[in-house]
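# Inside the fold
So you can see what is in the structure, the chains are spelled out below.
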Amino acid sequence: RPRTFSGIQPTADSFHLGNYLGAVRHWVALQETHDAFYCVVDQHAITAGHDAASLRQRSRTAAAQLLAVGLDPERCTLFVQSQVPEHAQLAWILSCITGFGEAGRMVQFKDKSQKHGNERSSVGLFTYPILQAADILLYQANAVPVGEDQRQHLELSRDLAQRFNTMFGATFTVPAPHIVKDTAKITDLQDPTAKMSKSSSSPAGIVNLLEDPARSAKKIRSAVTDTGREIVFDTETKPGVSNLLTIYSALAERSIDDLVNAYAGKGYGDLKKDLGEVVREFVTPVQERTRAYLDDPAQLDKLLAAGAEKARAVAGPTLRTAYERVGFFLPV
Ligand code: TYM
């Protein structure tokens with residue numbers, strides 16, 4: 001079976017619909033066809049300032065949500081990054097074959113460092129994509145399910161795999177991004193040309209999986225829509241309505257064409273009201289299952305520790321090979 005790997009940051013109290021539709025939904029699907037490794041990347045979550053008191057619980061909540069939307073510990077390996085030290089160890093090696101300028105060209109770094117102020121941005125924020133490459137390469141992943149915003153980071157992972165292989169001998173599988181176009185960029189309800197984002201959207205622009213669905217419905221009702229009245233799909237001229245149709249289509253598993261036909265002659269208000277209902281139907285059981293996992297933290301922690309052990313069984317040998325190839329002095 002081919003391998004898949006992906007990760008998600010526990011930076012907020014809830015995932016949002018962009019995370020789910022752009023990435024996590026595909027994680028669930030790929031469990032069936034791939035040898036799957038999925039990771040709550042808590043080490044990535046400390047690169048831009050964080051609250052130490054809530055990080056551990058956010059990692060639990062992240063894992064609980066992943067299980068609630070359908071990751072099955074029988075069919076995938078789910079773990080927390082900091083429990084597998086090989087990630088940071090391989091990241092060091094990869095950082096030594098990454099160019100300073102190359103890392104500086106990462107747009108996510110440029111955006112975020114600009115926001116925090118260049119002087120105050122951490123070196124960890126700068127090397128963030130190198131740790132991400134280590135995550136992926138340790139598992140020899142073939143496919144990496146992510147949203148569009150991760151494309152450039154995936155390109156770096158590929159470059160680093162190829163470079164290491166050329167310099168030190170074939171060691172890493174060169175990973176391919178698995179980006180499903182339809183939902184690769186869910187946009188902000190208040191700013192439908194920008195992506196829905198944990199760090200940069202306003203609360204009104206984000207639909208969180210764990211928020212009160214009445215609140216979500218209200219946000220959807222207030223979503224910025226476009227001039228005109230017709231419900232048509234056109235991301236250029238109608239980015240707001242198109243975003244709502246994209247979300248609706250993915251959650252209700254109905255094609256965009258089908259929805260456009262069904263809403264012919266109806267108004268934006270009807271679409272928004274019904275989408276609020278679709279969201280409620282989707283999140284209600286997800287919230288119940290998430291709560292059930294969080295109600296038994298000892299069981300959840302055990303499940304994650306078992307995941308980390310399974311992950312180390314793969315990451316350990318890969319790291320050992322990399323250590324040998326670069327000439328490290330392994331203990332006898
Ligand atoms: P993160 O935690 O920001 O987001 C998790 C996943 O959600 C996707 N995503 C979106 N997809 C569509 N529309 C949106 N508005 C939207 N917002 C977020 C992201 O593309 C991502 O797939 N660097 C990664 C975490 C990471 C990782 C890895 C991913 C660390 N190591 C190794 C893959 C492989 C990140 O910050 O994701």
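Cut-offs and rules
- Residues numbered from 1 in each chain as written.
- Predicted model: local features only at pLDDT ≥ 70, side-chain atom pairs only at ≥ 80, totals over all residues.
- Heavy atoms only, no water.
- UniProt positions renumbered as here; feature names shortened; annotations may be inferred.
- Helix = DSSP H or I, 4+ residues; strand = E, 2+ residues; numbered from the N terminus.
- Rg over C-alpha atoms; globule rule 2.2 N^0.38 Å.
- Buried < 20%, exposed > 50% of the residue type's maximum accessible area, 1.4 Å probe, protein only.
- 1 Å grid on protein atoms, 1.4 Å probe; cavity = no way out; pocket = protein on both sides within 12 Å on 5 of 7 lines; lining within 4 Å.
- Points joined across faces, edges and corners; volume = space filled by probe spheres on them.
- Nonpolar A, V, L, I, M, F, W, Y, C, P; charged D, E, K, R; others polar.
- Core = buried A, V, L, I, M, F, W, Y, C linked by side-chain atoms within 4.5 Å.
- Near = heavy atom within 4 Å.
- Polar contact = N/O pair within 3.5 Å; in protein donor to acceptor, adjacent residues only side chain to side chain.
- Areas by Shrake-Rupley, 256 points an atom, 1.4 Å probe, with all protein chains shown as cover.
- Pairing = 2+ DSSP bridges.
- Right-handed = clockwise from strand over helix to strand, strands pointing away.
- Expected span 1.5 Å × (residues − 1).
- Contact = heavy atoms within 4.5 Å.

The name an unreviewed UniProt entry gives the chain is Tryptophan--tRNA ligase, with Micromonospora endolithica as the organism. Under the UniProt heading Subunit (unreviewed entry), the entry covering the chain gives this text: "Homodimer." Under the Catalytic activity (unreviewed entry) heading, UniProt states for the chain: "tRNA(Trp) + L-tryptophan + ATP = L-tryptophyl-tRNA(Trp) + AMP + diphosphate + H(+)".

Turning next to the overall build of the chain. Scanning the chain for helices and strands turns up 12 helices and 7 strands. Computed over the C-alpha atoms, the radius of gyration of the chain is 21 Å, within 12% of the 20 Å expected from 2.2 N^0.38 for a compact globule of 332 residues. On the principal axes, the C-alpha backbone points of the chain span a range of 75 × 45 × 40 Å. The proportion of buried residues among the 332 residues of the chain is 50%.

Time to look at the layout of surface pockets. Of the voids in this model, the second largest pocket is the one considered here, and its volume is about 360 Å³. If you go around the second largest pocket, you meet 14 residues; those closest to its centre are K181, D182, K185, F233 and T235. Listing elements by their share of the lining of the second largest pocket, those giving two or more residues are strand 7 (191–195) and helix 9 (239–252). Counting residues per element, the lining of the second largest pocket draws most heavily on helix 9, at 4 residues. Within the lining of the second largest pocket, the residues separate by chemical class into 4 nonpolar, 6 polar and 4 charged.

A positive phi is found at Q140, a non-glycine position, where the angle reads about 55°. Relative to the helices and strands, Q140 resides in the loop between helix 6 (123–138) and strand 4 (143–145). A positive phi angle, near 50°, is found at E253, a position not held by glycine. Accessibility expressed as a relative area gives 73% for E253, which makes it exposed.

Glancing now at the nonpolar core. Core analysis: the biggest nonpolar cluster contains 53 residues, and L66 and L251 have the highest contact counts within it. Those elements that place two or more of their residues in this core are helix 1 (17–30), strand 2 (35–40), helix 2 (52–68), strand 3 (76–80), helix 9, helix 11 (268–294) and helix 12 (297–326).

To continue, consider the site of the ligand. Taken together, 28 residues lie around the ligand, and Y128, D135, G147, D149 and I186 are the ones closest in. Residue Q132 places a side-chain N or O atom 2.9 Å away from a nitrogen atom belonging to the ligand. Within the complex, 97% of the 710 Å² of free accessible area of the ligand lies under protein. When contributions to the shell around the ligand are tallied by element, the ones reaching two or more residues are strand 1 (3–8), helix 1 and helix 6. Considering only residue class, the shell around the ligand consists of 11 nonpolar, 12 polar and 5 charged.

This brings us to the pairing of strand 1. When strand 1 meets strand 2, the two strands line up parallel, connected through 6 bridges. Along strand 2, the bridge assignment pairs I8 with V40. In this fold, the crossover linking strand 1 to strand 2 by way of helix 1 has right-handed handedness.

Let us now look at helix 9. An ideal rise of 1.5 Å per residue puts 20 Å on 14 residues; helix 9 measures up with 20 Å between its terminal C-alpha atoms. Counting buried positions along helix 9 yields 13 of 14 residues, so the element is predominantly enclosed. Within two residues after helix 9, E253 carries a phi angle of roughly 50°, on the positive side.

Attention shifts here to the side chain of Q65. Relative to the elements of secondary structure, Q65 occurs in helix 2. Among the polar contacts made by the side chain of Q65, one reaches the main-chain amide nitrogen of F15 at a distance of 2.9 Å. Those residues in contact with Q65 that lie beyond four places of it in its chain are D13, S14, F15, L209, L210 and T290.

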